[in-house]
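Below, each chain spelled out in residue letters.
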Amino acid sequence: MIQAAAVSAAPSSPSKSESHLAVTQVTPEIRAALTRDYEIEVSVRSHKGDAWTRLAKRVTGDAAQWEELAAFNETDDALKAEQTVRVPFGRLRPALQRDIAKTLFPKDQLTADGWKHIVVGARGIEGESLWKISEWFTGDGANYTLIRKANPTQGLSTRKGDVILIPKRLLSAAFGGSLEGENAPKTAAAEVRQLQNDPLQRAATDEDVPESNAEILPVAASVPPSLTYERNAPEPHAVYRLQKGEALYSSVAIRFTGRVYAADVGDVVERIVKFNEIDDVARIPVGYPVRIPMELLLPEWLPQGDPTRVASEEGKRESARYAKRTRATNLSGVHVILDAGHGGRDVGTAHDDVYESTYVYDVAVRLKRLLEKQSGAKVSMTTKSQSVGWKIPEKDVLPVADDHFVQTTPKYLLDDAVVGVNLRWYLSNSIFRRTIKEGTPREKVVFLSIHADSLHPSLRGAMAYIPGAAFVKGEYRKKGDIYLTRSEVREQPTVKHTRDEALAAEGLSRGLAESIMTSLGRNGLKVHPFNPVRDNVVRGGHVWVPAIIRHNLVPARLLLEVCNLGNKKDRELIKTRKYRQQVAEALYEGMVDFYGVQRDEKPPSVLASAGGK
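Read on for an overview of the structure. (Residues numbered from 1 in each chain as written. Predicted model: local features only at pLDDT ≥ 70, side-chain atom pairs only at ≥ 80, totals over all residues. Heavy atoms only, no water.)

## What to know about the overall build of the chain
Move 1: Within the chain, the regular secondary structure consists of 18 helices and 25 strands.
Move 2: For the chain, the residues scored as buried account for 57% of the 613 residues in total.
Move 3: Intrachain contacts of the chain at a sequence separation of at least 6 include 70% that bridge at least 24 residues. (Helix = DSSP H or I, 4+ residues; strand = E, 2+ residues; numbered from the N terminus. Buried < 20%, exposed > 50% of the residue type's maximum accessible area, 1.4 Å probe, protein only. Contact = heavy atoms within 4.5 Å.)

## Section: the sheet that holds strand 10 (residues 289-293)
Move 1: Reading across the sheet, the three strands line up as 8-9-10 and stay open at both edges, with antiparallel pairing between neighbours. Where the open sheet ends on each side, the last strands, each with one partner, are strand 8 (228-230) and strand 10. Taking the axes of each pair of neighbouring strands and ignoring which way they run, one obtains an average angle of 30° across the sheet.
Move 2: Bridge count between strand 8 and strand 9 (residues 237-241): three bridges; the pairing is antiparallel. Bridging from a neighbouring strand, Glu-230 pairs with His-237 of strand 9.
Move 3: Against the sheet, helix 8 (residues 262-276) contacts strand 9 and strand 10, and its axis sits at roughly 120° relative to strand 10. (Pairing = 2+ DSSP bridges. Axes fitted to C-alpha atoms, helices over the stretch in contact; angles between N-to-C directions.)

## Concerning the environment of Phe-72
Move 1: Here Phe-72 lies in helix 2 (residues 66-72).
Move 2: The sequence separation of Phe-72 and Gly-541 amounts to 469 residues, and the corresponding C-alpha distance is 8.1 Å.
Move 3: Setting aside chain neighbours within four positions, we find Phe-72 in contact with Arg-86, Val-87, Pro-88 and His-542.

## Focus on unusual backbone geometry
Move 1: With an omega of -5°, the peptide bond between Thr-409 and Pro-410 qualifies as cis.
Move 2: Topologically, Pro-410 is positioned in the loop between strand 16 (404-406) and strand 17 (412-413).
Move 3: Despite not being glycine, Glu-82 shows a phi value in the positive range, around 65°.
Move 4: Of note, Glu-82 is situated in the loop between helix 2 and strand 4 (84-88).
Move 5: Take Glu-82: its relative accessible area is 52%, and that puts it in the exposed class.
Move 6: Positive phi is not limited to glycine here, since Glu-277 has a value of about 50°.
Move 7: Mapped onto the elements, Glu-277 comes out in the loop between helix 8 and strand 10.

## Quick word on the packing of aromatic side chains
Move 1: One pass over the structure, following the stated rule, counts twelve aromatic pairs.
Move 2: Ring centres of Phe-137 and Phe-175 lie 4.8 Å apart, and the angle between their planes is 70°; on these two criteria the pair is classed as edge-to-face. Here the residue Phe-137 occupies a position in helix 4 (residues 130-138), and Phe-175 occupies one in the loop between strand 7 (163-167) and helix 6 (188-195), the gap between them amounting to 38 residues.
Move 3: Judged by relative accessible area, which is 0%, Phe-137 ranks as buried.
Move 4: Centroid distance Trp-425 to Tyr-426: 4.0 Å. Interplanar angle 25°. Geometry classified as stacked. In terms of burial, Trp-425 and Tyr-426 fall into one category: buried.
Move 5: Grouping aromatic residues by their ring pairs yields a cluster made of Phe-105, Trp-115, Trp-136, Phe-137 and Phe-175.
Move 6: Looking at Arg-86, its charged tip hangs above the ring of Phe-72, at a distance of 4.5 Å from the centre.
Move 7: Stacked on the ring of Phe-275, the Lys or Arg Arg-291 has its end atom at 4.7 Å from the ring centre. (Phe/Tyr/Trp six-rings, centres within 6.5 Å; stacked < 30°, edge-to-face > 60°. Lys NZ or Arg CZ within 6 Å of the ring centre and 35° of its normal.)

## Some details on the sheet that holds strand 22 (residues 533-534)
Move 1: Reading across the sheet, the six strands line up as 14-11-18-25-19-22 and stay open at both edges, with mixed pairing between neighbours. Whereas interior strands pair on both sides, the edge strands pair on one side only; in this sheet they are strand 14 (378-381) and strand 22.
Move 2: Direction of pairing for strand 19 (residues 463-465) relative to strand 22: parallel, over a ladder of two bridges. Along strand 22, the bridge assignment pairs Ala-464 with Val-533.
Move 3: Across the sheet, helix 10 (residues 356-374) touches strand 11 (335-340), strand 14, strand 18 (445-453) and strand 25 (556-564), and the angle it forms with strand 18 is around 150°.
Move 4: Sheet strands in contact with helix 14 (residues 499-522) are strand 18, strand 19, strand 22 and strand 25, and its direction is about 35° off that of strand 25.

## Re the packing of helix 7 (residues 248-257) against helix 8
Move 1: Viewed as axis vectors pointing N to C, helix 7 and helix 8 meet at an angle of 105°, and their least axial separation amounts to 10 Å. Judged by the angle between their axes, helix 7 and helix 8 are roughly perpendicular. Contacts from Leu-248, Tyr-249, Val-252, Ala-253, Ile-254 and Thr-257 in helix 7 reach Val-265, Val-268, Val-269, Ile-272 and Val-273 in helix 8. (Parallel < 35°, antiparallel > 145°, perpendicular 65-115°, else oblique.)

## Considerations on the nonpolar core
Move 1: The biggest cluster of nonpolar side chains holds 105 residues, and the ones touching the most others in it are Ile-40, Ile-100, Phe-137, Leu-248 and Val-252.
Move 2: Ranked by residues supplied to this core, first place goes to helix 11 (residues 417-437) with ten residues.
Move 3: Contacts of Ile-100, omitting those with residues within four sequence positions, involve Val-26, Ala-32, Ile-40, Val-42, Phe-89 and Leu-92.
Move 4: Within the second largest apolar cluster, 54 residues are counted, among which are Val-336, Val-446, Leu-448 and Ala-464. (Core = buried A, V, L, I, M, F, W, Y, C linked by side-chain atoms within 4.5 Å.)

## A word on the pattern of salt bridges
Move 1: All told, the structure shown has 30 salt bridges when counted by the stated rule.
Move 2: Glu-82 is paired through a salt bridge with Arg-45; the nearest N and O atoms lie 3.1 Å apart. Of this pair, Glu-82 sits in the loop between helix 2 and strand 4 while Arg-45 sits in strand 3 (residues 40-45), placing them 37 residues apart in sequence.
Move 3: Since its relative accessible area comes to 33%, Arg-45 is described here as partly exposed.
Move 4: The salt bridge involving Lys-575 is made with Glu-572; its shortest N-O contact spans 3.3 Å. (Salt bridge = Lys/Arg side-chain N within 4 Å of Asp/Glu carboxyl O.)

## Considering the environment of Arg-366
Move 1: In this structure, Arg-366 sits in helix 10.
Move 2: By relative accessible area, Arg-366 is classed as buried at 0%.
Move 3: For the pair formed by Arg-366 and Ile-392, sequence separation is 26 residues and the distance between their alpha carbons is 6.7 Å.

Written out as structure tokens, the structure is:
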């Protein structure tokens, strides 16, 4: 636990910097500031010997948040002593959120009706928006519509000194709200759903319901969605008319901008709400022309002839030309490198005691068993559990395993997540070089990193990330004894991809990912509804490619998110051995399909030997 320092009863004097309204030192290591743009900036100073997972656990309560923190800080390096790390306010432990809010907003108080927030806006200018207030105190900006209902005389704009009541039923746990799932609905979507007698069980309604933390799945369109464009407007934008049952979150933000993480989706929705001057996102009529700033659109949704779209399409065509496909009967002569995401002290994402590292390791071991028993492939694993080994447990719900190590020479017991990720790709590259020397064609080596994502809760199913050629540039190497003591690192400390190699990797990886997604769908397993194969990740507003595939030399490589642990139904599924076996079998079939051989029947199940049905 954090040993909190004495917290000031009032914020420190406004910073001399013109960018801050208030600054406060919450603990000796944590500093917070309210900017004049009404952002709460939080910075944490790392300890000596800190690791990303330890810092994430300390300030967010969840070690799995380390990847998001690293991406938010635009780094994938190990932490250094006294390093300043920025942390999104919404990711902090509830107690820290409350301490920061009480010091930045000293006049605020919890009442029997809810949290009373006193607007602190600078004199003469608009105060913090209802969206921001909702985001801070309920965890979701879309709840601003319900806050407006609770404050009927309050306009959309605020001024210094305005009193805003956030109803208790909406408050997050940090500010006195009930725990998730208890008593009253927690989000605008949940309240609308309750008032409408659960429309998820009815035909789609005429109202746009913001999904937020609720599970409102995208409505499948009978025809591809169409956009019109206003290129000569002061801010160029596309126009999409909402269809019956569609929502801003899934049908606009997620579909057209590609955002999938809850915070990113919320940011885009906020931008669209302001751009369209929408008063109430829960009551948008069918046919409403939603204007979407052009700069937010994925390349494939831009107008024909747009330079960004043209470049994207040409990039895909060029990578396909460079991808040299080959055939392999029943994976004969293929070498598969399997990587179960996270492990050891890095459990990955966690929801309701479902830990990513434990369950994806089981999927990887099941796939390993299938490949070795049913195909001609050779299999290498990047990690291993000391207690589980390669056994397939005869259980649905699995006990947490935290004893994984990377199979480098010498082994690395997974302690620091960043070091673990880097050692995995070094190990994969070493296996790849050795396999090529033994005479295996480059195109017959496959790298598959298996994960389970934590996305916006309205989303379900699998999604794959491949190395977009545009993101695989330059040289990269790691220094320090923790790396150089491993023989795999000393073999070739620096990794570099030529342009031809990067293009070939994108093409081969896309082909492999599409084969796997097709197989998952054919087997009745959920696949991400919009753009399930992506050549980059957008998180925290930053575009990147995961290091495990960015610095990897294997031409056909991908990071596969088998499901969304942020979605309750996906969580319940992965807790069953039947589902994990189905995923493993679908991955097996996808690999066989990639090498161009169609089977007459599915591979025999190993559920019996695994002790489950």
